[in-house]
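Structural description and commentary
If you want the building blocks of each chain, they are given just below.
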Amino acid sequence: MKNRIWLWAPLALFAFFAGLAGYMLTQEKDQFVESTMIGQPLPDFALDPAFEGLPGAAKADFVGGQPRLLNIWASWCLPCIAEAPQLEALQAQGVEIVGIAIRDRPEDVASFLARHGNPYTRIGSDRISEVQLAIGSSGVPETFVIDAKGVIRYQHIGDIRAEDVPVLLAELEKAR
Amino acid sequence: MIRAGFALVLVVLAVLLPRPLAAQDSMPPAPYAYNQLEDPRLEAEAAALMQTLRCLKCQSQSIADSDAPMAGDMRHQVRSRILAGESPEAIRAWLIARYGDYVSYEPTVSATTWPLFAIPVLVIAIVAGVLLRRLGKRRNDAGEAA
């Protein structure tokens, strides 16, 4: 008789897993793959200019001076249009923003900047996402804080919203 | 007539609606995204590795299965690194250093994955224990009855 109660154990276990599955279904899924390169130096790279108006970007451009933002974007990326005003706000605060344009054409980069503003000092052209993969970025747009030694200090995934601007400014200050 | 015109406008709108979904680049793929390596032995190595790497844009597909531009760029990395003489496990380690265990479909024992390996061993041990006890008991019972 005492052992009878153990007969219910498998059903209880099943109920537990069913409940767990049901609970997890209601939880928001984190779609973001975070870079595990935070705290690591930038890999060596040297990218050609993404269009005629600005120089290209290399690792050496991040060494010395103040911490900078590295913005991974593309002219074909819609959220990049949404974050353009925030990048300009950051630039207005004196932040240097280096862009890397992913799988992009010079004429498309130029027309995007003409339409949505140009907050960049340099833009490198990453035609086959090689620098993007080398820094652990998994999409556009993404923004990295790089300190004056060229070390990756912070990653922002997705478009920068107005409320993210102070966060990025604080991370830039921390990276000083 | 007016109704037909209205319907036509609706149809045209419906056709235009999905346009933002096409927010992808129009660049040609990277050289080794869709082209195999010439050496069949190297291509086999690359293909086996690509089956076990996760596409970052389409997270339930391997980069071998995915048509996302980024998966193509990852295949290019795999093939060009294999061609340069890197071992498949070195390439996997290179990606794990950037994206964590998540990028690999072949789990290795680590601080977060050890239960994956420990639980089956534990379950088999418990089952073996229970079976031994039960069968041993039955044999004893049979021995007493005889």
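Structure's up top.
Residues numbered from 1 in each chain as written. Chains lettered and ligands numbered in written order. Predicted model: local features only at pLDDT ≥ 70, side-chain atom pairs only at ≥ 80, totals over all residues.

Moving on, we come to the sheet that holds strand S5 (residues 122-126) of chain A. Residues and elements named next belong to chain A. Read from one edge to the other, the open sheet built from five strands follows the order S5-S4-S3-S6-S7, with strand pairing classed as mixed. Edge positions in the sheet fall to S5 and strand S7 (152-157), since each of these pairs with one other strand and no more. Across this sheet, the average inter-strand angle for adjacent strands is 20°, counted without regard to direction. The pairing of strand S3 (residues 68-73) with strand S4 (residues 97-102) spans five bridges and is classified as parallel. (Pairing = 2+ DSSP bridges. Helix = DSSP H or I, 4+ residues; strand = E, 2+ residues; numbered from the N terminus. Axes fitted to C-alpha atoms, helices over the stretch in contact; angles between N-to-C directions.)

The partner chain A presents 19 residues to the 19 residues of chain B that form the contact. Of all the secondary-structure elements, those providing two or more residues to the side of chain B that touches chain A are helix H3 (69-83) and helix H4 (88-99) of chain B. When residues in the side of chain B that touches chain A are grouped by element, the largest group, six residues, is from H3 of chain B. Here the residues of the side of chain B that touches chain A are counted per class, giving eleven nonpolar, four polar and four charged. (Contact = placed C-beta atoms within 7 Å. Nonpolar A, V, L, I, M, F, W, Y, C, P; charged D, E, K, R; others polar.)

By size, the foremost hydrophobic cluster in this structure holds 38 residues, and its most contacted members are Ala74, Ile100 and Ala101 of chain A. Listing elements by their share of this core, those giving two or more residues are S3, helix H2 (78-92), S4, helix H3 (106-116), strand S6 (142-146), S7 and helix H5 (164-174) of chain A. Excluding anything up to four places from it in sequence, Ala74 of chain A contacts Cys80, Ala101, Ile102, Arg103, Asp104 and Val140 of chain A together with Asp25 of chain B. Among the nonpolar cores identified, the runner-up in size contains 18 residues, and Met70, Ile82, Leu95 and Tyr99 of chain B belong to it. (Core = buried A, V, L, I, M, F, W, Y, C linked by C-beta atoms within 7 Å. Buried ≥ 20, exposed ≤ 12 C-beta atoms within 10 Å, placed from the backbone.)

In this section: the environment of Gly85 of chain B. Secondary-structure assignment places Gly85 of chain B in the loop between H3 and H4. Sequence-wise, Gly85 of chain B and Leu42 of chain B are 43 residues apart; in three dimensions their C-alpha atoms are separated by 9.2 Å.

Residues and elements named next belong to chain A. H5 packs onto H2 with a crossing angle of 40° between their chain directions and a minimal axis gap of 10 Å. As the angle between them shows, H2 and H5 are arranged oblique. Considering the relative orientation of H2 and H5, their crossing is right-handed. Across the interface between the two elements, Gln86, Ala89 and Leu90 of H2 pack against Asp164, Val165 and Leu168 of H5. (Parallel < 35°, antiparallel > 145°, perpendicular 65-115°, else oblique. Left-handed = near helix turned anticlockwise from the far one by under 90°.)

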